[in-house]
Amino acid sequence: MRFSPPLPDRSSKVLVSTVALIPAAGRGERLGAGLPKAFVDLAGHSMLHHAVRGVQASGVVDALVLSVPIDLVEQVQSQFPEVIVVAGGAERSDSVRAALAAAPPSDVVLVHDAARALTPPSLFADVVAAVTAGAPAVVPGLPVVDTIKSVDPAGAVTGTVDRVPLRAVQTPQGFDAAMLGAAYAAAIADFTDDAGLVESQGTPVRVIPGDPMAFKITTPWDLRLATWLLHERASA
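Note that the structure is predicted; figures quoted are calculated from it, not measured. In every chain, residue numbers begin from 1 and rise along the written sequence. The predicted origin of the model limits local features to residues at a pLDDT of at least 70 and limits the giving and counting of side-chain atom pairs to 80 or more, whereas totals for whole chains, interfaces and linings rest on all residues. By convention in this description, side-chain values take in all heavy atoms of the structure and omit both hydrogens and water.

J.: Just to check I follow, could you spell out the UniProt feature "site: Transition state stabilizer" (unreviewed entry) in the chain for this structure?
T.: UniProt positions are given in the numbering used here, feature names are shortened, and annotations may be inferred rather than shown by experiment. The feature "site: Transition state stabilizer" (unreviewed entry), as given by UniProt, occupies Arg 30 and Lys 37 in the numbering adopted here. Every helix listed is a DSSP run of H or I at least four residues long, and every strand listed is a run of E at least two residues long, numbered separately from the N terminus. The residue Lys 37 is located in the loop between strand E1 (18–23) and strand E2 (41–42) in this model.

J.: Could you clarify how one ought to interpret a nonpolar patch on the surface in this entry?
T.: Taken together, the side chains of Trp 221, Leu 225 and Trp 228 make up a nonpolar region of the molecular surface, amounting to roughly 370 Å² of accessible area. Relative to the helices and strands, Trp 228 is located in helix H7 (residues 220–235). By relative accessible area, which is 48% here, Trp 228 ends up partly exposed. Patches here: salt-bridge-free residues with over 30% relative accessible area, like charges joined within 9 Å, nonpolar side chains (Val, Leu, Ile, Met, Phe, Trp, Tyr) joined within 5 Å. Areas reported as accessible are Shrake-Rupley estimates using a 1.4 Å probe. Residue values count occlusion only from the protein chains shown. Here, a salt bridge means any side-chain nitrogen of Lys or Arg that lies within 4 Å of a carboxyl oxygen of Asp or Glu. Note on exposure labels: buried denotes an accessible area under 20% of the residue type's maximum, exposed denotes more than 50%, and partly exposed covers the range between, all computed with a 1.4 Å probe on protein chains only.

J.: I tried to follow the UniProt feature "site: Positions MEP for the nucleophilic attack" (unreviewed entry) in the chain on my own but got confused; where do I start?
T.: UniProt annotation of "site: Positions MEP for the nucleophilic attack" (unreviewed entry) refers to Arg 163 and Lys 216 when read in the numbering used here. Note that Arg 163 resides in the loop between strand E9 (157–161) and strand E10 (167–169). Any two residues whose heavy atoms approach within 4.5 Å are treated as being in contact. What Arg 163 contacts, discounting residues up to four positions off in sequence, is Val 144, Val 145, Asp 146 and Thr 147. Whenever two N or O atoms come within 3.5 Å, that pair is a polar contact, provided that in protein one can donate a hydrogen and the other can accept it, and provided that, for residues adjacent in sequence, both atoms are side-chain atoms. In this structure the side chain of Arg 163 is engaged in a polar contact, spanning 2.8 Å, whose partner is the backbone oxygen of Val 145. On the secondary structure map, Lys 216 appears in the loop between strand E12 (206–209) and H7. Since its relative accessible area comes to 34%, Lys 216 is described here as partly exposed. Setting aside anything within four residues of it in sequence, one finds Lys 216 in contact with Lys 37, Asp 113, Ala 115, Arg 116 and Asp 222.

J.: Quick question: what am I supposed to make of the pattern of salt bridges here?
T.: Pairs can form between side chains of opposite charge once their charged atoms are near each other. For the coordinates displayed, the defined rule picks out 4 salt bridges. A salt bridge links Arg 92 to Asp 194; the nearest nitrogen and oxygen atoms lie 2.7 Å apart. Highlighted residues: Arg 92 in helix H3 (residues 92–102) and Asp 194 in helix H6 (residues 194–200), separated in sequence by 102 residues. When salt bridges with common partners are traced through the structure, they connect Arg 92, Asp 113, Arg 116 and Asp 194 into a single cluster.

If you want it as C-alpha cells, here you go:
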C-alpha cells in the first residue's frame, strides 16, 4: 500500500518495507476534553489527522494501521480510506497488539503516539534509518534540561538526580518487525512504552536525537501551545 502523494524517488537506495502503527483508543482524561484524546480538535483537525499526515509526509512508510475506539472505526476508515483501521483495546498495549495483528508483513515497525501530532516528518525517517542500519529498537529522545529531585511520600527531597545521562523519550519508536512481534507474543504484563517492553526482554534500545516539536499533547496547556505553533507555521 502506498500513500498519496507519491513517495520520493528512492531508486538508488535499498527499499525497506516499513509499517507505522498509531494506537489511538486512549481516553486522555488529563486533557479534560470529554472525548478520546486523539480526536480532540487541534487547529481545525483532530490530533489523529495531524499525526497521520505527518507519517505520510515522511516518505518512508509503506502502510499505516490505526487502532481506535470500536465505535469510531467506520468514521475513521471513511476519513482515511488509504490506511488500515481496527478497534483498539482498553490498554495501550491492547491497541498495539490489535494493530500488529492487522499490519501487513514488514521489516520495520514504527509505533507512534497520536498525541505527538506535530512530530516532524524527518524524525520518522531518522528512526527508520537507524533501524535499517542494524539497531533492533530505536527511540528518539531529548536531554533533560530541568533539575530533577527525588522525593519521599511526604514530599521531602531525598536527593538530586544526575540529569546528564537522562533522556525524555518520544515517538515514533522503531523496531525490527520480527523482534517486536515476538516481544508482544512473550509479554506477560502491560507496558505503556514499547521500548520498555523489548528492553525488559533483553533487547538493546538505541536512543537517537529527538525533536522538540515531537512533544506530547497531554494537558490543556500543551494543546494551546500546539495550536499556537500550527498557526505560526501557517502564517510563516
